[in-house]
Amino acid sequence: MAIQAVSAQEPGLGRAPSPRRHWPAGLILSCAIVLGVVAAGLTAPWLTANSPLDQDLLQLNKAPGGDFPLGTDHLGRDVFARLLYGARSTLGISLAGTAIAFAIGAGAGLLALTFGRWPAAVLFALIDLVRALPGTLLALLLIVGLGSGPGPLTLALGISFAPLVAYVTRATYRREAARDYVQAAASFCGGRLHILQRHILPNIAGALVTQAAIILPRCIVTESVLSFLGVGSSPDAPTWGRMIADSSRFVERAPHAILVPLVALVLLTLALSTIGNHLRRSLDPVRDAADRTAEDADDDQPAERARPQLATA
Amino acid sequence: MRPLLDIADLDIVIAGRRVVRDLSLTIAPGETLALIGESGSGKSMTASAVMGLLPPGARIADHARLRFDGALLKPEDDAAMRPLRGRAMAMVFQDPMSCLNPFMTVAGQIDEALQRLGTAAAARQRHGRLLELLALVELPDPEAIAGRYPHELSGGQQQRVMLAMALAAKPRLLIADEPTSALDATVQADILALLKNLQRTLGNALLFITHDLAAAAELAHRIVVMQAGRVVERGPTAAILDDPREDYTRKLVSTRQMLATPPQASPVARVTLPKPAEPVLRIEGLVHDYPARRLFGRPFRSLNGVSLTIAPGETLGILGESGSGKSTLARLAIGLAPAAAGEISLFGTPIVGLARLDRNLRRRCQIIFQNPYGALNPRLTIEAAMREPLELLGLSGPDDRARIEAALSDVALGPEHLARYPHQLSGGQRQRVCIARALLSEPELLICDEIVSALDATVQMHVIAMLKALQARRGFAMMFVGHDIEIVRWVSDRIAVMHRGRIVEQGPAATIVEAPAESYTQRLMAAMPRRPEMTKLIIDSEALPNGAASLENH
Amino acid sequence: MARIVAVLASLLRGLLQAAFIVMLTFFLCRVMPGDVVDVLGLEGGLTVEQQVEMRRSLGLDQSLPRQFADWAGQALHGDFGRSIRFDRPVGEMLATALPVTAKLAALSFCFGIGLALLLAIAATARPSRWLDATIDFVNTWSIAVPTFCAGVAAILVFSIWLGWLPVIGGLLVPVLVIGVDNAGQVVKSLREELREAVMLPHVRTARAKGLSPWRIAFAHVLPAAMPIVLALSGLVLGGLVAGSLTMEVLFALPGLGSLTLNAIHGRDYPIILAAVTLIAVALVAINTIVDMLHRLVDPRLA
């Protein structure tokens, strides 16, 4: 491994301090895709006259064209209508799932952390117990117990992502709570809630928003996997994942019925994760960038900077 | 005689900024050259350039010429530098803990250095040489040390191992980059003595990089002073210390002078205060444990029966090395951490066992922290940060803004700083904001936890001079926690020396520093670098304590 | 001593985790709407009396804790009961399914981690735009493309349009799909970790000693990056389980995943429980081993 190559070629320590004003093309495209999907979901009834549920047994596996701009599937349902209505349920279920994950993971996590050692210890011991189970499997088991349908599905998605959110919350909370300004606020008689909302929340909000942007596409993917396994969304509110799953056995006869939702799903998750990555880069490291501008001249670390932390360890 | 190292017109650029400019220097064989500067002065970059170890992104300008024993160096060509490193030249770094490979034993790491010398020596011979090296750096029981992992050694031992590793090849040039700054005072003195000794016996040239003038004076034949990437002054050690020409050097030297003359003579308001019998802070038999980090681990006792009192208007210095428990004491003293046993009474009110202190108590005592980078919320403007104590302590009124401005002007900051964010201020400015904020509630007790340790020497002086002046005006009592003997002495009326969670000795500042009774204190004081030349220089120091304004922009 | 205590503590935690997961599964299985008797009743037209009799013989009329205690007691003796639908011993069914899944998972794991290590090390040794773009692509792929979509696409392209591979059977496509997915999940963190490991002070010391780049890489950089490699391989396991589940269904592989899923649809509790128990124990065992390896690699933790 040629270490020297790294030192010679990588761009350096101090990143350019000027904030980039122009938006990269990938980000603009991603935003356009997400907005398009949202718009499609909202305006579905006006964009197509066909129902996503009506079966036409005379029109099975039709190629795109004519009355059906994107063809029909193995039950003769209009793929275009299903795509539009599917946008609605895909986004709806995933957003609700993410919201539940945050309500449980971040909400309960923050409250427990704010109110002392024991509530947090108990909560995280509980979370630790389910941690060994992969999210998809946990969601699967939860749906087994809760029954299928949009409600249980959303709840199962939320619960299966909650541990991840809780860990991120705890890590960022602890990083902030150890800061001197939190101690200083305590020394001004600042209560736990004051410290939480004035100092901790604003400083971890970036990390949490970023996390949400990362979890949303993963929710969409997990939902589609569950649909594929036959325990996902209900037949009357089809998601894209369900469409792919339903058509996967007829891939030979009606490739369009599977390709359309597949491409839509991949584009949406790609767009969302691109936005998530941009958020992470621009929101999360605010402090680090700030610290760096002050410190980046310090090639020689002043002697004592590292020491007194040890003093309290 | 041909110089061993000859640097001409060295320019180093990082991300478009020149961190070293037109630097030229030479080192003769067997000579010790000290490169002095504060953080960011480019001194470490210079050393890294000589070794070819510049961080990614740093570039050396084409016109620079570095010669080692007459041969041209190509610092940016790793393959060309590799044969020189660890043979003709070797380097010791600042923080030995992180500079040793945690996954390898001491023997393994030194053996690596021996192996590459190319001598096809047998393993047995190398082992003999290894023990010899460990003995050379005055490590007791080399056989035992050789088998240990770095984390099983103390900081001083780690640095000795680093030295042994560097000396494995009998290098002609040894570069020591702040080799003592991460160590405790007593250990610092030992390592400096060792460096001096080794250089005398081995006859290698030494490029000694430091921010500490006293350490440089101890070791160096010649001194080069750097500031903001440039050489500002150079010359023989005695000449630099006795007769600094440049402003900046004079400032550095006079900083030391100021420390040598504590402001005892300054008229202090405390005399006029009515003396109530009651101390502002009384601590009796205080014990504190850090909880065990693992399920069945043992808790770490950080304070073990500490007792002290602080009278109104008095300054008590808490002096101790890292890990002595002094910062924990500071936090406990104002109820920011719970005590395991003992009594603390603030203004006569016992606070141990209190879930939280009431506003009245909180108003009367304030704390300032060590790290000015962490003490201000990066998302709040200075004004918002300063409003916080007023609002929380119920002192808010219509004249808030005026009071905040007045407080800022007390620490020589103008109102234009109010709208700024912490990252727009320098370290010294942030620390002054913290002082102003702590003083807003007009406390009667101010706890200063290592408040200047993270700052450069000249800025340190400015901050403590300002603090002392404010104390003279307002008459608050102070607990001044620190590890720098001279600074603690300069600030304090009395000093308590802490060691491993106990107070080993306390008494008047002058007595503790000049005539310590306990053996630990004696060792600590002996480690303080005190040069005859330094004390000789206490002549022209009137400029400093009051002349803080001249340092305004730090 | 401290080492033994630490190992015991992590074992204990692992056992607790496994027990909790099994208990959770048991109760979720029992509260799920419609039990096996209902399903069989619908299919086979059982009378109400027959249904009651069947419930009693299966012990379904007893209290939940009691049922769990009975089941757990037998399971501890290695007896996972008989499948209700197939009337075969569950242990036997698992034994035939396990090798399929184990082979799939092991191959995918090796391929995935190997690919990730290769990309990350290459990108650290010779940084290039091209390699970084590849890493980004693989990473985004694993985030955005569910494994079954990749599987479906592979079938569509290779079997149907190009006619290269048989649609069903053969582990090649499933292993590739899961492996790329796994690699994508870890490759970015691995790259970051190596980038930072190269800048560590002790690596600088090694360079100052004049060691060769290879020696530096293997003796100084890799050990420092080892903990994260271990932690990440623990993370990969989750993706592995989900991946095998979908791939087995899509490619009709008779593994644990197919077995479990069929059992879920048929409400065949003994199989669900036994399969989840097996998966949970395997995951916990692997996590515990990773934890111990971590301690072994880093002398500071011992």
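From a predicted model like this one, the values you see are computed outputs, not experimental measurements.

(A) Focus on the overall build of chain A. Counting its regular elements, chain A contains twelve helices and zero strands. Ordered by position from N to C terminus, the α and β elements of chain A give α-α-α-α-α-α-α-α-α-α-α-α. Residues classed as buried in chain A amount to 56% of the 313 residues present. Contacts in chain A between residues far apart in sequence, at least 24 positions, make up 70% of those at least 6 positions apart. When the accessible surface of chain A is totalled, it reaches about 13,000 Å², and 65% of it is carbon and sulfur.

(B) Structural context of the packing of helix H8 (residues 192-228) of chain A against helix H9 (residues 240-247) of chain A. All names here are of chain A. In the contact formed by H8 and H9, the axes pass within 8 Å of each other and the chain directions differ by 35 degrees. The two elements H8 and H9 meet at a crossing, and its hand is right-handed. Residues Glu223, Ser224, Ser227 and Phe228 of H8 touch H9, and the partners they reach there are Gly241, Arg242 and Ala245. Of the residues belonging to the contact of H8 with H9, the class tally is two nonpolar, three polar and two charged.

(C) Representation of the sheet that holds strand E13 (residues 300-310) of chain B. Residue and element names in this part refer to chain B. Across the sheet, which stays open at both edges, the four strands sit in the order E13-E12-E15-E16 with antiparallel pairing between neighbours. Because the sheet does not close on itself, it has two edges, and the strands there are E13 and strand E16 (349-350). Docked against the sheet, helix H12 (residues 326-333) engages strand E12 (281-290), E13 and strand E15 (341-346), running at close to 120 degrees with respect to E12.

(D) Representation of the interface of chain A and chain C. Tallying the contact residues gives 46 residues for chain A and 53 residues for chain C. Carbon and sulfur atoms supply 79% of the area that chain A and chain C bury against each other, a total of about 4,600 Å² over both sides. Our count for the contact surface shared by chain A and chain C stands at one salt bridge. The salt bridge partner of Asp128 of chain A is Arg13 of chain C, with a shortest N-O separation of 3.5 Å. In this structure, the connection of chain A to chain C is made through four residue pairs in polar contact (both at pLDDT 80 or more). Going through the elements one at a time, helix H1 (3-9), helix H4 (117-131), helix H5 (135-146), H8 and helix H10 (255-283) of chain A are the ones with two or more residues in the side of chain A that touches chain C.

(E) Summary view of unusual backbone geometry. Residues and elements named next belong to chain B. At Glu138, a residue that is not glycine, the phi angle is positive and equals roughly 60 degrees. For Glu138, the position within the fold is in the loop between helix H5 (123-136) and helix H6 (142-146). A relative accessible area of 45% places Glu138 in the partly exposed class.

(F) Fine view of the pattern of salt bridges. Residue and element names in this part refer to chain B. For the structure on display, the rule yields 46 salt bridges over all chains. As a salt-bridge pair, Arg172 and Asp69 come within 2.7 Å of each other at their nearest N and O atoms. Separated by 103 residues along the polypeptide, Arg172 in the loop between helix H7 (155-167) and strand E8 (173-177) and Asp69 in the loop between strand E5 (65-68) and strand E6 (71-72) bring together distant segments of the chain. You can call Arg172 partly exposed: its relative accessible area is 42%. On the basis of relative accessible area, Asp69 is assigned to the partly exposed category, the value being 25%. Residue Arg494 is joined to Glu314 by a salt bridge in which the shortest nitrogen-to-oxygen separation is 2.6 Å. Taken together, the residues span a long stretch of sequence, with Arg494 in strand E20 (residues 494-499) and Glu314 in the loop between E13 and strand E14 (315-320) at a distance of 180 residues. The network of salt bridges with common partners includes Glu383, Arg387, Asp399, Asp400, Arg401, Arg403 and Glu405.

(G) Quick look at the packing of aromatic side chains. Within this structure, the stated rule accounts for nine aromatic pairs over all chains. Judged by centre distance (6.2 Å) and plane angle (15 degrees), the ring pair of Trp214 of chain C and Phe218 of chain C falls under stacked. Residue Trp214 of chain C and its partner Phe218 of chain C are both found in helix H10 (residues 213-250); the two are separated by four residues, about one turn of the helix. According to the relative accessible area criterion, Trp214 of chain C is exposed, its value standing at 58%. Members of the aromatic cluster, each reached through a chain of ring pairs, are Phe26, Phe27, Phe68 and Trp71 of chain C. Above the ring of Phe347 of chain B, the side-chain terminus of Arg364 of chain B is found at 4.0 Å from the ring centroid.

(H) Geometry of the sheet that holds strand E3 (residues 32-36) of chain B. Residue and element names in this part refer to chain B. Taken in spatial order, the six strands line up as E7-E8-E9-E3-E10-E11 in an open sheet, and their pairing is mixed. Edge strands, defined here as strands with exactly one partner in the open sheet, are strand E7 (89-92) and strand E11 (230-236). Across this sheet, the average inter-strand angle for adjacent strands is 15 degrees, counted without regard to direction. Bridging between strand E10 (residues 222-227) and E11 involves six bridges; their strand directions are antiparallel. Residue pairing across strands places Val225 opposite Glu233, the latter belonging to E11. Across the sheet, H7 lies against E7 and E8, angled at about 175 degrees from E7, the strand it touches most.

(I) Spotlight on the pairing of E20 of chain B. All names here are of chain B. Where E14 and E20 come together, five bridges link them in parallel fashion. Across the sheet, residue Leu319 finds its bridge partner in E20, namely Val497. Where E20 meets strand E21 (residues 502-508), six bridges bridge the pair, whose relative direction is antiparallel. From the neighbouring strand, Val497 faces E21, where its bridge partner is Glu505.

What counts and how
Residues numbered from 1 in each chain as written. Chains lettered and ligands numbered in written order. Predicted model: local features only at pLDDT ≥ 70, side-chain atom pairs only at ≥ 80, totals over all residues. Heavy atoms only, no water. Helix = DSSP H or I, 4+ residues; strand = E, 2+ residues; numbered from the N terminus. Buried < 20%, exposed > 50% of the residue type's maximum accessible area, 1.4 Å probe, protein only. Contact = heavy atoms within 4.5 Å. Areas by Shrake-Rupley, 256 points an atom, 1.4 Å probe, with all protein chains shown as cover. Axes fitted to C-alpha atoms, helices over the stretch in contact; angles between N-to-C directions. Left-handed = near helix turned anticlockwise from the far one by under 90°. Nonpolar A, V, L, I, M, F, W, Y, C, P; charged D, E, K, R; others polar. Pairing = 2+ DSSP bridges. Buried area = accessible area lost by both parts, 1.4 Å probe. Salt bridge = Lys/Arg side-chain N within 4 Å of Asp/Glu carboxyl O. Polar contact = N/O pair within 3.5 Å; in protein donor to acceptor, adjacent residues only side chain to side chain. Phe/Tyr/Trp six-rings, centres within 6.5 Å; stacked < 30°, edge-to-face > 60°. Lys NZ or Arg CZ within 6 Å of the ring centre and 35° of its normal.

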